[in-house]
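Here are the chains, one letter per residue:
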Amino acid sequence: MGTFYVTTAIPYVNAEPHLGFALELVQADVLARYHRLIGDDAFFLTGTDENSLTNVLAAERESLAVRSLVDRNAELFRSLTGTLGISNDDFIRTASDRRHLEGATCFWQACERAGDLYRRAYQGLYCVRCECFYTAEELHDGRCPEHEIVPETVEEENYFFRLSRYTAQLAELLESRVVEIVPAFRHAEIQAFVVRGLTDFSISRTAARARGWGIPVPGDPGQVMYVWFDALTNYVTALGYATDAACYRRYWTDASRRVHVIGKDILRFHAVYWPAMLLSAGIPLPTTIRVHGFLTRDGRRMSKTLGTGVNPVALVREWGVDAVRYWLLHDVPPTDDADYTDESFARSYVADLANDLGNLLNRTVSMIHRYRGAVVPLASRRGSSALVTAATALPATLHRALGDVWDPRLALDAIFAVITCGNRAVDETKPWALARAEGDGDVDATLRLDTLLHDLVESLRLVAEALRPLLPDTAERMATQLGVGLATRWTQGLEWSDTATLTRVGEPLPLFPKRRGAR
Ligand SMILES: [Zn+2]
């Protein structure tokens with residue numbers, strides 16, 4: 001048992017949430033749910049990054065007050081957590097939460113006391129959409145590589161953070177894996193970047209350029225904090241870095257694991273700038289940074305303007321929450337890019353969820369109604385060894401997939417191996433023939449049918465347990481239909497049992513009904 005803290009990055013709120021952020025929420029949610037199940041004291045944070053100039057510009061385009069735009073859009077992100085069944089313990093908003101304003105201010109002052117902040121003139125090429133400066137070499141044909149817009153040349157007095165001072169220390173912490181970046185090739189990429197030497201970076205801008213929006217630099221009202229500087233501190237300000245010492249100590253300072261789940265585009269901010277800021281402020285570093293890839297649609301970058309985006313809310317409305325979670329966890333490699341197509345999504349739904357899992361549950365519950373008056377029989381002998389073997393292999397695979405190697409696909413593959421064995425056991429044992437023989441007084445047929453039905457319920461109970469961190473809604477609905485309870489903690493309940501008590505199954509209802517888009 002330990003204390004486990006996990007966060008997503010906090011997205012800008014200048015546009016609606018997209019499927020890529022849904023991926024990040026679901027990945028972090030699986031980690032949080034898994035750690036709660038194994039008995040860790042887990043805390044899961046998400047939220048919104050609101051102090052950015054992009055919000056000011058978006059609000060100007062819509063003739064809205066910035067505050068109104070931010071409030072309206074932050075609500076879309078908050079409601080997305082509900083839509084996706086995300087189990088976050090908290091939701092931080094960087095422009096409206098007092099604890100963040102106070103915490104970011106306090107953090108700045110800690111870096112200042114460490115002698116790491118100084119003021120100097122700065123000129124650079126600035127992309128307002130990225131909120132960051134580019135060197136001329138980093139641009140593509142003079143344009144921002146992310147947004148394909150021409151950056152502004154900006155010259156002003158700024159505060160700088162002495163990142164250069166932390167080059168050796170960061171290199172050592174990465175080398176010793178005190179901070180570990182997953183996957184390993186990203187760890188190597190950041191190590192190589194740090195070893196080349198780090199340069200100080202600007203952490204403020206003039207209040208005028210920020211249109212007065214943002215967190216003021218303490219003692220210098222002419223400047224506001226550079227949005228990345230304040231945003232990164234959300235991971236500690238949310239816990240109460242400046243406002244709740246006990247909570248902050250419990251989930252940050254004293255936590256056994258501090259995990260950030262992020263996209264590959266913001267790795268440098270999280271693996272270089274943020275750890276250096278923490279070193280400066282005298283605060284422990286994250287232990288793990290888990291990096292996911294990008295989603296494309298039909299091979300093209302998802303973009304609202306190109307009409308190639310996928311709206312996660314619409315997808316949930318059409319297919320149900322766990323169909324979306326399943327696609328994100330099964331069809332997307334956890335640390336790589338993936339391509340969304342309507343066809344691949346529908347295929348996963350029909351083949352895996354409806355035909356394999358849904359069908360096995362439905363035929364099992366229906367047979368127990370038909371042959372045993374809704375009461376699950378006891379097993380009187382060994383049934384299908386393949387089914388029992390697959391089901392008893394589940395716990396080890398779950399811990400490996402969700403705890404050690406971080407690949408939810410391995411967990412789902414093991415779960416679906418049990419389902420395949422279950423369906424095969426039905427097809428091979430032919431319960432309808434056993435029921436006929438039983439009617440003719442064949443005692444052996446009764447014992448065989450009892451055993452099959454028991455084993456199906458027991459393996460589906462284990463499947464429901466195993467699905468809890470991944471597809472929690474499905475797990476609950478399965479347990480209700482099977483008439484079984486789920487364990488409070490995974491210290492029990494994950495082992496195969498031949499001696500389950502006589503329980504009554506519920507009504508058979510389709511778990512994954514036929515959908516319009518499914519063929
Ligand atoms: Zn850009």
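All values derive from a computational prediction rather than experimental measurement.

Q: Would you mind showing me how to read the sheet that holds strand β11 (residues 220-225) here?
A: Strands belonging to one sheet form pairs held by backbone hydrogen bonds; the direction of such a pair is parallel or antiparallel. A sheet is described by the order of its strands in space; here 3 strands give the open sequence β9-β11-β10, paired in antiparallel fashion. Strand pairing shows two members of the sheet lacking a second neighbour, β9 (204-206) and β10 (216-217), which therefore form its edges.

Q: Just checking my understanding: could you explain the nonpolar core for this structure?
A: The tendency in soluble globular proteins is for nonpolar side chains to be buried as a group. Within the largest apolar cluster, 117 residues are counted, with the highest numbers of intra-cluster contacts made by Leu 19, Leu 357 and Ile 415. The element that contributes the greatest number of residues to this core is helix α13 (residues 342-372), accounting for 13 residues. If we ignore the near neighbours within four places in the chain, the residues touching Leu 19 are Leu 295, Met 302, Val 310, Pro 312, Leu 315, Trp 327, Leu 328 and Tyr 340. With 68 residues, the next largest nonpolar core counts Leu 45, Ile 215, Met 225 and Val 291 among its residues.

Q: How should I be thinking about the packing of aromatic side chains in this particular structure?
A: We describe a pair of aromatic rings using the distance from one ring centre to the other and the angle between the two ring planes. Enumeration according to the criterion identifies 27 aromatic pairs in this entry. With a centroid separation of 5.8 Å and an interplanar angle of 25°, the aromatic rings of Phe 107 and Trp 274 are classed as stacked. Of this pair, Phe 107 sits in helix α4 (residues 98-113) while Trp 274 sits in helix α10 (residues 267-281), placing them 167 residues apart in sequence. The pair Phe 107 / Trp 274 is uniform in exposure class, with both members buried. Taken together, the ring pairs in this structure connect Tyr 5, Phe 43, Phe 107, Trp 108, Tyr 159, Phe 229, Tyr 235, Tyr 241, Tyr 248, Tyr 251, Trp 252 and Trp 274 into an aromatic cluster. The ring of Phe 193 is capped by Arg 268, whose NZ or CZ atom sits 3.8 Å from the centre of that ring. Directly above the ring of Tyr 371 sits Arg 370, whose terminal nitrogen or CZ lies 5.5 Å from the centroid.

Q: Which parts of the structure should I look at to understand the pairing of strand β13 (residues 288-292)?
A: Every other side chain in a regular strand lies on the same face of the sheet, so the side chains alternate between the two faces. Taken across its 5 residues, β13 has 5 buried, putting it largely inside the fold. Side chains Thr 288, Arg 290 and His 292 project from β13 onto one buried face, and the interleaved Ile 289 and Val 291 project onto a second face that is buried too. Across 3 bridges, strand β7 (residues 180-182) lies against β13 in parallel orientation. What sits directly across from Ile 181, in β13, is Ile 289. Direction of pairing for strand β12 (residues 257-263) relative to β13: parallel, over a ladder of 5 bridges. By the bridge assignment, His 260 is partnered in β13 with Ile 289.

Cut-offs and rules
Residues numbered from 1 in each chain as written. Predicted model: local features only at pLDDT ≥ 70, side-chain atom pairs only at ≥ 80, totals over all residues. Heavy atoms only, no water. Pairing = 2+ DSSP bridges. Helix = DSSP H or I, 4+ residues; strand = E, 2+ residues; numbered from the N terminus. Core = buried A, V, L, I, M, F, W, Y, C linked by side-chain atoms within 4.5 Å. Buried < 20%, exposed > 50% of the residue type's maximum accessible area, 1.4 Å probe, protein only. Contact = heavy atoms within 4.5 Å. Phe/Tyr/Trp six-rings, centres within 6.5 Å; stacked < 30°, edge-to-face > 60°. Lys NZ or Arg CZ within 6 Å of the ring centre and 35° of its normal.

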